[in-house]
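The chain contents come next:
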Amino acid sequence: MTIKFVVILLLLLLVQGARPDQLEYGDDDEDHHDTTVNQMLVPRSHQEDATLILNNLLKEYDKTLRPDIGVKPTVIDVGIYVNSIGPVSSIDMEYQIDIIFAQTWVDTRLRYNSSSMRILTLNSNMVGLIWLPDTIFRNSKNADSHWITTPNQLLRIWNNGKILYTLRMTINAECQLQLHNFPMDEHSCPLVFSSYGYPRDEIVYKWRRNSVETSDQKYWRLYQFDFMGLRNTTDVLTTTAGDYVLMTVYFDLSRRMGYFTIQTYIPCILTVVLSWVSFWIKSDATPARTALGITTVLTMTTLSTVARNSLPRVSYVTAMDLFVTVCFLFVFAAMIEYAMLNYYSYSIRRPPAKTQRMAYSSFNMGRTPRPMMPMGNSLFWHDYDDNCLYECLDGKDCKSFFCCYEECKEGGWKKGRIHVNIRELDSYSRVFFPTSFLLFNIVYWVSYLYL
């Protein structure tokens, strides 16, 4: 009996020791289950709150009416974040800009009371359910909103009725370029926006603090321009439909000259210098000098045509037009110089030898000129200049600036005139052409770059 009693007592003790363990594990499982339930109920509660808030806000909301209609104007704070600018087209007179356009206003109809959700961040599906400003970009030729992978729109509603609406778009805006100083020109390209239908007593636009910001400029596509800065203004546009608040952002751009220096200016200068080579070629080398003159003239014509391809067909003269035209005139003048020299040297034949002797006898020359010797189609004098233009006739003074006889240099014709030796025309051109072209370049570059 004693043994049986001891065994029963041990069994009872074991059973009582196992029950607390089971209860303890059971409590842990229950606590774990409660925690899981609580964790799932928290987001579900916020979701239900947001849905309930939106349903209550939109229940009697009329999106066709602006906030505070008939009470006061709706004030819209605007801001712009510039992702990139460019390219700028001089031919089409437009530029492309990628921006994020932000508008903020207060709509008292969208106020709500919620201690857990102070801000509602919504996607583009909510945009079409509330009133939005009818903002337009007045100088845009076309504009595209970004829709990949979803519409790039953001809508936030605060519990006090404040609304933030942002939209990313790419705009091709008009920019009237004044090309008088091209390619050393600077421009201020505007981006103008306003309300389309609401006048100033209905909607008032205001710039936010730090309203226009820009991204890193190394990603911009301003190939021919440097970005100099920006500024924003507020104006009032008066029309027959009313006065509208006009907001404008000006982007200051300065053109880079590197491309045009390589493509136009340097080739024009080298072509002009090449035309001067003819001044060192003998005057009787007609084929060489003629070929060189025609080649340089045609080269300048081609350069002039290429230079105009990068410009719209404006009616005024640009700085590049002026430079190319002057270079063309220098090249053309070099060819005309040889034409004059060749004409006066070879085209006018001498009078007969007898007449020439009579003419010289009137000036008491002391010796009779040697006879002419025919050579080809031209006549050459052995003892007198090949470029003789006019004869000194008996009883008549020379009436020209050009005289070939030494005796003609003494006489009444010289008074008030300059004596030019045709034989030395190439020598004069070697000095006159480079000097005048150098002076032109000094005046040109100083005027357009520093004045």
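Please read these numbers as outputs of a predicted model, since none were measured by experiment.

(A) Geometry of the sheet that holds strand 11 (residues 242-255). Ordered in space as 4-8-11-10, the 4 strands form an open sheet in which the pairing is antiparallel. Two strands lie at the open edges of the sheet, namely strand 4 (135-137) and strand 10 (225-239), each paired on one side alone. Strand-to-strand, the axes of this sheet are offset by a mean angle of 20 degrees, without reference to chain direction. Where strand 4 and strand 8 (residues 186-195) come together, 3 bridges link them in antiparallel fashion.

(B) A look at unusual backbone geometry. Cis geometry is found at the peptide bond from Gly86 to Pro87, where omega equals 5 degrees. Mapped onto the elements, Pro87 comes out in strand 1 (residues 74-89). Look at the link from Phe182 to Pro183: it is a cis peptide, with omega at 5 degrees. Along the chain, the position of Pro183 falls in the loop between strand 7 (162-174) and strand 8. With phi around 55 degrees, Asp68 is a residue other than glycine that occupies positive phi space. Here Asp68 shows up in the loop between helix 1 (2-58) and strand 1. In this model, Asn210 sits at a positive phi of 55 degrees, which is unusual for a non-glycine residue.

(C) Quick peek at helix 6 (residues 425-450). Between its first and last C-alpha, helix 6 extends 37 Å over 26 residues, near the 38 Å set by a 1.5 Å rise per residue. Within helix 6 the residues assigned to the buried category are Leu425, Asp426, Ser429, Phe433, Ser436, Phe437, Phe440, Asn441 and Tyr444.

(D) Region of interest: the packing of helix 2 (residues 258-275) against helix 3 (residues 286-308). The contact between helix 2 and helix 3 brings their axes to 10 Å, and the two run at 165 degrees. Judged by the angle between their axes, helix 2 and helix 3 are roughly antiparallel. Seen from above, helix 2 lies across helix 3 with left-handed handedness. Along its contact with helix 2, which presents Gln263, Thr264, Pro267, Cys268, Thr271, Leu274 and Ser275, the element helix 3 presents Leu292, Thr296, Thr299, Met300, Leu303 and Ala307.

(E) Local environment of the nonpolar core. Formed by 82 residues in total, the largest nonpolar core has its most connected members in Tyr95, Ile99 and Leu191. Here this core takes 9 residues from helix 4 (residues 319-347), the largest share from any one element. Aside from chain neighbours lying at most four places away, what touches Tyr95 is Ile85, Pro87, Val88, Ile171, Asn172, Ala173, Glu174, Cys175, Cys189, Pro190, Leu191 and Phe251.

(F) Expanded view of the pairing of strand 11. Summarising burial for strand 11: 11 of the 14 residues are buried, a large majority. The sheet contact formed by strand 8 and strand 11 spans 8 bridges and is antiparallel. By the bridge assignment for strand 11, Cys189 is matched with Phe251. As judged from the 14 bridges shared by strand 10 and strand 11, these two strands associate in the antiparallel manner. Counted as the bridge partner of Phe227 is Leu253 from strand 11. Between strand 10 and strand 11, which follow one another and run antiparallel, lie 2 residues.

(G) A look at the environment of Phe227. Within the secondary structure, Phe227 sits in strand 10. Along the backbone, Phe227 and Gln217 are 10 residues apart, and their C-alpha atoms lie at a distance of 8.3 Å. Each residue touching Phe227, except ones within four places of it in the same chain, is listed here: Ile85, Gln217, Trp220, Leu222, Phe251, Asp252 and Leu253.

(H) Just the pattern of salt bridges, in detail. A full pass over the atoms with the stated rule returns 12 salt bridges. Between Glu202 and Arg66 there is a salt bridge whose closest N-O contact spans 2.5 Å. Within this pair, whereas Glu202 is found in the loop between strand 8 and strand 9 (203-214), its partner Arg66 is found in the loop between helix 1 and strand 1, the two being separated by 136 residues in sequence. Given a relative accessible area of 4%, Arg66 falls into the buried group. Its salt-bridge partner being Glu94, residue Lys141 comes within 3.4 Å of it at the nearest N-O pair. With Lys141 in strand 5 (residues 140-145) and Glu94 in strand 2 (residues 94-106), this pair connects stretches of sequence that are 47 residues apart. Using a relative accessible area of 43% as the deciding quantity, one classes Lys141 as partly exposed.

(I) Up close: the packing of aromatic side chains. Enumeration according to the criterion identifies 27 aromatic pairs in this entry. Ring geometry for Trp220 versus Phe227: centroids 5.0 Å apart, planes at 75 degrees, classification edge-to-face. Residue Trp220 shares its accessibility class with Phe227, and that shared class is buried. Ring centres of Phe432 and Phe433 lie 5.7 Å apart, and the angle between their planes is 90 degrees; this geometry places the pair in the edge-to-face category. Given a relative accessible area of 7%, Phe433 falls into the buried group. Among the aromatic residues, ring-to-ring pairing joins Tyr265, Trp276, Phe279, Phe323, Phe330, Phe432, Phe433, Phe437, Phe440, Tyr444, Trp445 and Tyr448 into one connected group. Directly above the ring of Tyr244 sits Arg138, whose terminal nitrogen or CZ lies 5.9 Å from the centroid. Sitting over the face of the ring of Trp158, Lys162 holds its NZ or CZ atom 4.9 Å from the ring centroid.

How each quantity is defined
Residues numbered from 1 in each chain as written. Predicted model: local features only at pLDDT ≥ 70, side-chain atom pairs only at ≥ 80, totals over all residues. Heavy atoms only, no water. Pairing = 2+ DSSP bridges. Helix = DSSP H or I, 4+ residues; strand = E, 2+ residues; numbered from the N terminus. Axes fitted to C-alpha atoms, helices over the stretch in contact; angles between N-to-C directions. Expected span 1.5 Å × (residues − 1). Buried < 20%, exposed > 50% of the residue type's maximum accessible area, 1.4 Å probe, protein only. Parallel < 35°, antiparallel > 145°, perpendicular 65-115°, else oblique. Left-handed = near helix turned anticlockwise from the far one by under 90°. Contact = heavy atoms within 4.5 Å. Core = buried A, V, L, I, M, F, W, Y, C linked by side-chain atoms within 4.5 Å. Salt bridge = Lys/Arg side-chain N within 4 Å of Asp/Glu carboxyl O. Phe/Tyr/Trp six-rings, centres within 6.5 Å; stacked < 30°, edge-to-face > 60°. Lys NZ or Arg CZ within 6 Å of the ring centre and 35° of its normal.

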